[in-house]
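Residues per chain, in single letters:
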Amino acid sequence: NSPPPQQQFLLIHRPSHAQSLLAGVICLVTLVIIRWPAFQFINSRFLGGTTGDSGLYVWLTRMFSGHLFSSAWFQTPALYPYGDSLAWSDNFLLPGLIAWCLVRIGVSIELAYNLIILVSTLLSGFLTFKVAFNLSGHFYGSLSAGIFFLSSAYISGMLGHPQLQFTFFFPLA
């Protein structure tokens, strides 16, 4: 007597490359439609503005792009005598580092900041599609889930809080 074959705990479906590409393009088109004003001023204004919470993150991005290796790690030229002020940044360290890399290759600080926010929104929708497809195997339902998450009114309403735009970690988790 041989034991019964093992069944998978969770059946994982994989989208084809064509399905992934189509979903990515549809998510990108959706992003352009819902964020059209951001694309019009992508190189001259900051998405979410420069006052309040978003102003802090614009400032942090500028600090990264101008002082990443000229100051001690986690130090900024503000909030003296309190040290390690970058540690107070709601984990905006990775976006700041990406912005620093973009500025180093000649991208304006406005464009770098806006691209980081827009790409994170795009990733949120696309990765939601991927996880929904992995669980369901249904293309249109998974694409709808990705589009709905990408264009969430709540997240769109939080553009003034850029740290909340990095929701693409949810489907990854």
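Preceding this section is the structure that the text describes.
Residues numbered from 1 in each chain as written. Predicted model: local features only at pLDDT ≥ 70, side-chain atom pairs only at ≥ 80, totals over all residues. Heavy atoms only, no water.

A. Spatial organisation of the packing of helix 4 (residues 93-104) against helix 5 (residues 109-136). At a closest axis distance of 9 Å, the pairing of helix 4 and helix 5 adopts a crossing angle of 135°. In this view, helix 4 runs oblique relative to helix 5, as classed from their interaxial angle. As for how helix 4 packs across helix 5, the hand of that crossing is right-handed. In this structure, helix 4 uses Pro95, Ile98, Ala99, Leu102 and Val103 to contact helix 5, whose residues at the interface are Ile109, Ala112 and Ile116. (Axes fitted to C-alpha atoms, helices over the stretch in contact; angles between N-to-C directions. Helix = DSSP H or I, 4+ residues; strand = E, 2+ residues; numbered from the N terminus. Parallel < 35°, antiparallel > 145°, perpendicular 65-115°, else oblique. Left-handed = near helix turned anticlockwise from the far one by under 90°. Contact = heavy atoms within 4.5 Å.)

B. Spotlight on the side chain of Asn134. Among the structural elements, Asn134 can be located in helix 5. Residue class for Asn134 comes out buried when judged on its relative accessible area of 18%. When near neighbours in sequence (up to four residues on either side) are disregarded, Asn134 contacts Leu11, Ile12, His13, Arg14 and Pro15. (Buried < 20%, exposed > 50% of the residue type's maximum accessible area, 1.4 Å probe, protein only.)

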